[in-house]
Amino acid sequence: MKKYLWFIPFVLVPLPFLGYPFLLSIFVLIGIYTIAAIGMDVLTTWAGQISIGNAAFFAVGAYTSAILVVNFHVPFLIAFLASGLFAMIIGIVVGLPALRVSGFYLAVVTMAFGIAVQQIIGVFQITGGYNGIRNIPVPSFWIFKASPVYQYYIVLFIVFLIFIVLSRISFSKSGLALFAMRDSEIAARAFGVNSLKYKLAAFAASAALTGLAGSLYASAIGFISPSQFDLTLSLDLLAMVIVGGTGSVMGVMIGAAFFVGLPFLLSGYNISITIIQGVALIVILLFLPKGLLQIFKITDLFKKKVI
Amino acid sequence: MKKFFVFSVILGLFLTFVFAADTSTFGVYPDKVVIGTFQALSGPYAIIGQGMLKGMKAYFNWINDQGGINGRKIDLLVYDDQLNPALTVTDVKRMVEQDHVFSVVGGLGTPGCLAVMGYLNDNGVPFVYQGSGAPQLSNPPKEYVFPVQPNYDLEGHLIARFLVQNEHKSKIAVMYMNNDIGQQELDGIQKQLADFNMKPYITIAYNPTSADFSSDIIKLMSANPDSLVIAGLITDTIRIVTQIKQYGLNIPIVTIYPNADPAFIQLGGKAVEGVILTGWVPIPTKDNPDFTAKFDQYLKIYQKSYPNEIPSSYAAAGFIAAEIFSHALELAGPNPTRDGLVKALDTFDNWNGILAQGITFTPTDREGKTSMYFMKIENGTFVPISGWITLK
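Residues numbered from 1 in each chain as written. Chains lettered and ligands numbered in written order. Predicted model: local features only at pLDDT ≥ 70, side-chain atom pairs only at ≥ 80, totals over all residues. Heavy atoms only, no water.

Take the sheet that holds strand 10 (residues 276–279) of chain B next. Residue and element names in this part refer to chain B. With mixed pairing, seven strands are arranged side by side in an open sheet as 7-6-8-9-10-13-14. Looking at strand neighbours, the two that pair on one side only are strand 7 (202–206) and strand 14 (381–384), the edges of this open sheet. Taken over all neighbouring pairs, the strand axes of this sheet differ in orientation by 25° on average, direction set aside. Pairing of strand 6 (residues 172–177) with strand 8 (residues 227–231) involves five bridges; the strand directions are parallel. (Pairing = 2+ DSSP bridges. Helix = DSSP H or I, 4+ residues; strand = E, 2+ residues; numbered from the N terminus. Axes fitted to C-alpha atoms, helices over the stretch in contact; angles between N-to-C directions.)

With that settled, the discussion passes to the packing of aromatic side chains. Following the criterion strictly, the structure yields 32 aromatic pairs over all chains and no others. Between the aromatic rings of A:Phe27 and A:Tyr152, the centroid separation amounts to 6.4 Å while the plane-to-plane angle is 75°, which identifies the pairing as edge-to-face. With A:Phe27 in helix 2 (residues 21–46) and A:Tyr152 in helix 6 (residues 148–171), the pair connects residues that are 125 residues apart, well separated along the chain. For A:Phe27, a relative accessible area of 13% puts it in the buried group. One aromatic cluster in this structure is built from B:Tyr59, B:Phe60, B:Trp62, B:Phe291, B:Phe295, B:Tyr298, B:Tyr302, B:Tyr306, B:Phe319 and B:Phe325. Between the NZ or CZ atom of B:Lys32 and the centre of the ring of B:Tyr29, over which it lies, the distance is 5.3 Å. One Lys or Arg, B:Lys369, reaches over the ring of B:Trp388 and ends 4.0 Å from the middle of that ring. (Phe/Tyr/Trp six-rings, centres within 6.5 Å; stacked < 30°, edge-to-face > 60°. Buried < 20%, exposed > 50% of the residue type's maximum accessible area, 1.4 Å probe, protein only. Lys NZ or Arg CZ within 6 Å of the ring centre and 35° of its normal.)

All names here are of chain B. When we look at burial in helix 12 (residues 338–345), the residues that qualify are Leu341, Val342, Ala344 and Leu345. Projected onto a plane normal to the axis of helix 12, the buried residues spread over an arc of 160° and lie on a single side. Elements that come into contact with the buried residues of helix 12 comprise strand 4 (127–131), strand 5 (145–146), helix 11 (313–331), strand 11 (360–362) and strand 12 (365–368). (Arc of directions from axis to C-beta. Contact = heavy atoms within 4.5 Å.)

A few words on a nonpolar patch on the surface. Where nonpolar side chains cluster on the molecular surface, the patch consists of A:Tyr269, A:Ile271, A:Ile275, A:Ile276, A:Val279, A:Ile282, A:Val283, A:Leu286 and A:Phe287 and spans about 910 Å² of accessible area. Assignment of secondary structure puts A:Val283 in helix 12 (residues 273–287). (Patch = residues over 30% accessible without salt bridge, like charges linked within 9 Å, V, L, I, M, F, W, Y side chains within 5 Å. Areas by Shrake-Rupley, 256 points an atom, 1.4 Å probe, with all protein chains shown as cover. Salt bridge = Lys/Arg side-chain N within 4 Å of Asp/Glu carboxyl O.)

Here the focus is the side chain of B:Ser214. Residues and elements named next belong to chain B. Topologically, Ser214 is positioned in helix 7 (residues 214–223). Since its relative accessible area comes to 17%, Ser214 is described here as buried. Dropping the residues within four chain positions of it, Ser214 is found in contact with Gln243 and Tyr247.

All names here are of chain B. Across eight bridges, strand 1 (residues 32–39) lies against strand 2 (residues 73–80) in parallel orientation. Directly across from Phe38, in strand 2, lies its bridge partner Tyr79. For the handedness criterion, the β-α-β arrangement of strand 1, helix 2 (residues 46–65) and strand 2 is classed as right-handed. (Right-handed = clockwise from strand over helix to strand, strands pointing away.)

The subject of this paragraph is the domain arrangement of chain B. All names here are of chain B. Taken domain by domain, chain B holds domain 1 (21–149 + 293–358) and domain 2 (152–279 + 373–384). The centre of domain 1, based on its C-alpha atoms, is set 31 Å off from the matching centre of domain 2. Opposite the ten residues of domain 1 that make contact, domain 2 presents eight residues. For the pair domain 1 and domain 2, the two sides together bury roughly 730 Å², of which 47% comes from carbon and sulfur. In this structure, the connection of domain 1 to domain 2 is made through zero salt bridges. For the pair domain 1 and domain 2, the number of links is three residue pairs in polar contact (both at pLDDT 80 or more). Here the side of domain 1 that touches domain 2 is composed, by residue class, of three nonpolar, seven polar and no charged. (Domains from an automatic or database assignment. Buried area = accessible area lost by both parts, 1.4 Å probe. Polar contact = N/O pair within 3.5 Å; in protein donor to acceptor, adjacent residues only side chain to side chain. Nonpolar A, V, L, I, M, F, W, Y, C, P; charged D, E, K, R; others polar.)

Below, the structure is given as structure tokens:
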């Protein structure tokens, strides 16, 4: 039970902010990017693969959900699940050929995929072309009216679910096979691990998680257009994992808070966010190679749980 | 357990820090009116946001030096959203829900403006001037949204009409950026040409970030059009024009108003000689002495805040945003309310300020500026070649 204890403060977070819904919407965004960054973490830290095209899965999720909700009036829960599923299918379709290469080559292939998806979305009528889709409703359910508090708990609940599922997988046979493959693919294959299968599974899981995050993003922001899902987003997702701390939900969450929360804190002070973010990135990589999580000195406590 | 405690304390400190930024209550105080804006002050579009903000600040500084409006100084809150709509949404929510701004003035960027226009309208916060020409801002009209810049669709119409009626061209080629601005310009051109029972001779979509346009230009040359519209922004338009000249193609080239900036001539040099541009902010010329005097006043006001600096066209946009808001606030009387501001704006009938010229709003017409003129680059300066043109 102790391993779930760290969630309690997050459950209590909204209480002092009930009068400040905009602050809650920042926390909602941090949660959404956490989910997408977990997707990246699964691929990089668990499977040892790299992707700088995950913005494409984010976009696929966002558009699937937005089109289903806005054009076809599908309930949000179904649209949400569909966006994860559709992103996963695309992940598998792309992963099959892409995972034959690795390292730099995989990075370039995924990057090309990311750019292609952004362009393709811009061409179709149903996606609203380059103008995007506006007025995407915030989901309401039963007695819960559309409000940032409600959104916050939805996102928190999903992060919690993902945490539980991932910590279970990490101790399972599949988890061990993944880690073995990451550490030495040849050794893993010698022990009978089907490396393509596990790589593909990691790629599909990564795509699905990122797609789910995209669906939540679309309803939280209410407006999506192709320009939001560019290469920068893919790189940000990768950077969140590295800045926060690889291999743990907490680390990824800190990384997401750094990338989402910092611009928010600094945006009113007329100082260049990009410069501060850039300098912070260099300092962190130099002095905290395991990410911001190192500062908290609690790496051991949380890291063990997931991997 | 100890670590859990440490973590809670750190989280608490973070939240207190967020709270410390709180400045609540109304936007109208006895001595000041608090308004907000969102601008890209860092990131790839910083050049536009920085310029626009300077224009706004210069005007508000000037107003505040004179004691403000109806005894209230204007306090401008600025948030840097890097032209990222996800940041715009949270920044605007913060302005409305925490800072309680009276109005949002001069937000920059199509994605951000479109993302927050519904929210501001639903919350009854006047949104005056958007640094965007997206047609969705003005059509359909929204009670609290006041667009000023001509929209790209309208501009496409005007360019097509100019080429057909004034220049008697029939084989019009269109090269457009593969993004929303380019698409909206193309839409406008196609619709206008359809009215003449014509269509673009050839359309070429290009990637605005590429550096080499030779394949696009070869495609263009093999079609052999008699005129070309480039719906692009400053960097790519200059590259295309330069390469076209290098290839020896000599046809009239028309491009769009975001390029009507001194930097276009500075960067383009000889290659952009003869290029025709649309404009909506008038330029001072000898045959227009009234406006020349106003333009000098603008330069004086601007250089009071930024000595010896030549303002960019983005600064002019910011300046106009500030002018329109300030005039409306004055009209709204000694006890301004948000609805009072809306009513005041709706009385604008072909209003002329210093730079702002011919601004009209009514509850059912929120097109803002619907007239433009054409100018040509001759000997390194912009020379007007038409009067004000409208669709109506």
